[in-house]
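Coordinates in review
Chain residues, written in single-letter form:
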Amino acid sequence: MDQNQLKQAVAQAAVDYTLTRIDDSSIIGIGTGSTANFFIDLIAAHKNRFQGTVASSEGSAERLLSHGIKVFELNAVSQVDIYIDGADEANERLELIKGGGAALTREKIVTAVANEFVCIADESKWVDFLGTFPLPVEVIPMARSYVARELVKLGGDPVWRENVTTDNGNLILDVHGLYPIDSACALEEQINQITGVVTNGLFAVKPADILFLATQKGILTKTAKV
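Figured I'd write up the structure that's included with this text. (Residues numbered from 1 in each chain as written. Predicted model: local features only at pLDDT ≥ 70, side-chain atom pairs only at ≥ 80, totals over all residues. Heavy atoms only, no water.)

**Considerations on the pattern of salt bridges**
Rules: When a carboxyl oxygen of Asp or Glu is within 4 Å of a side-chain nitrogen of Lys or Arg, the pair counts as a salt bridge. Secondary structure counts use DSSP, requiring at least four H or I residues in a row for a helix and at least two E residues in a row for a strand, with both numbered from the N terminus. To sort residues, take the accessible area from a 1.4 Å probe on protein chains only and compare it with the maximum for the residue type: under 20% means buried, over 50% means exposed, and anything in between is partly exposed.
Counted under the stated rule, the structure contains 10 salt bridges. Between R63 and D41 there is a salt bridge, with its nearest N and O atoms 2.9 Å apart. Placement of R63 in helix α3 (residues 58-66) and of D41 in helix α2 (residues 34-43) is noted, with a sequence separation of 22 residues between them. Judged by relative accessible area, which is 31%, R63 ranks as partly exposed. Among the salt bridges present, the one from R106 reaches E58, with a minimum N-O distance of 3.1 Å. Placement of the pair is R106 in helix α4 (residues 104-113) and E58 in helix α3, with a sequence separation of 48 residues. On the accessibility criterion, R106 (24% relative accessible area) is partly exposed. Each of D85, K98 and E107 takes part in one network of salt bridges that share partners.

Here it is in structure tokens:
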């Protein structure tokens, strides 16, 4: 199978799992990116099985609405039953790097609210150590240069993702040179303490609860190893 076929297969696995976890009052959190898009297209056939969704980006919201799926503002719902999203990297502790699609802040917010976070990825995203994929950091525009200097002090090589503005009106710095990230929780918290940082793409303090990984041998179900 090629990568798109793997993404579709893992999205279908996530749909099958989600349908066992929801009822007609449930709110599903929907992530951003190509794998999440496959999930959106597949869950659309079951849109009468749940109340609606919360989307982590404007792009995902538009795709959901195009299928006739209700999209709620997060502030309008009392809980998110399950959140489905992809990742740019994942390790055996189900710590992730996310943000390749520049939606990391909203993704992290929905993750924080959700009762369960299900990550879906193809085998190319599975790593022993995080950090080969540049770490996205969302920053307030006026703080871009200052934050970049502080990231250099942490050993990173930040590159401004030019011509990209997040749905929150902010900028993205992609931090190279951090591999291998040994203590993802500590680094996540350290970067978030830099003034001007909105958040960063490490999902380690609150990792995924379960990961469906598409491989050439089938779908693997992984839970975190401590």
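Structure shown, so let's carry the discussion forward.
**Remarks on the sheet that holds strand β1 (residues 27-30)**
This is how the line gets drawn: Strand pairing follows a simple DSSP-based rule, namely that at least 2 bridges must link the two strands. Geometry is summarised by axes, namely lines fitted to C-alpha atoms with helices restricted to the contacting stretch, and by angles between N-to-C directions that run from 0 to 180 degrees.
Judged by pairing direction, the sheet is mixed, and its six strands sit side by side in the order β2-β1-β3-β6-β12-β13 without closing on themselves. The open sheet has two edge strands with one neighbour each: β2 (52-55) and β13 (218-222). With strand direction ignored, the average angle separating the axes of adjacent strands in the sheet is 20°. Looking at chain direction, β1 and β2 are connected through four bridges and run parallel. Bridging from a neighbouring strand, G29 pairs with V54 of β2.

**Structural notes on helix α1 (residues 3-19)**
Going by this rule: Every helix has an expected span of 1.5 Å times one less than the residues it contains. Working rule for contacts: check all heavy atoms of both residues, and any pair within 4.5 Å makes them a contact. Polar contacts here mean pairs of N or O atoms no more than 3.5 Å apart (in protein, one a potential hydrogen donor and the other a potential acceptor; neighbouring residues in sequence count only if both atoms are side-chain atoms).
In a regular helix each residue adds 1.5 Å, so 17 residues correspond to 24 Å; α1 covers 24 Å between its end C-alpha atoms and thus fits that length. For α1, every residue scored as buried is listed here: L6, K7, V10, A11, A13, A14, V15, Y17, T18 and L19. Packing partners of the buried residues in α1 comprise β1, α2, β3 (82-85), β6 (117-122), β12 (210-215) and β13. A distance of 3.2 Å separates the backbone nitrogen of N4 from a side-chain oxygen at the start of α1, and that oxygen is part of D2.

**With respect to the side chain of E138**
Counted only if it meets this: When charges are tallied, Lys and Arg are placed among the positive residues and Asp and Glu among the negative ones, while His and the ends of the chain are skipped.
Along the chain, E138 turns up in strand β7 (residues 135-139). R106 is the oppositely charged side chain nearest to the buried, salt-bridge-free E138, at an N-O distance of 7.3 Å. Once residues within four sequence positions are removed from consideration, E138 is found in contact with L104, T105, T166, N168, N170, L171, I172, G196, V197, V198 and T199.

**Quick notes on the packing of aromatic side chains**
Test applied: Aromatic rings from Phe, Tyr and Trp, with only the six-membered ring used for Trp, were paired whenever their centres fell within 6.5 Å, and each pair was classed as stacked if the ring planes differed by under 30 degrees, edge-to-face if by over 60, and tilted otherwise.
A full pass over the atoms with the stated rule returns two aromatic pairs. Centroid distance Y17 to F212: 5.4 Å. Interplanar angle 70°. Geometry classified as edge-to-face. Within this pair, whereas Y17 is found in helix α1, its partner F212 is found in strand β12, the two being separated by 195 residues in sequence. Looking at Y17, the relative accessible area reads 19%, which means it is buried.

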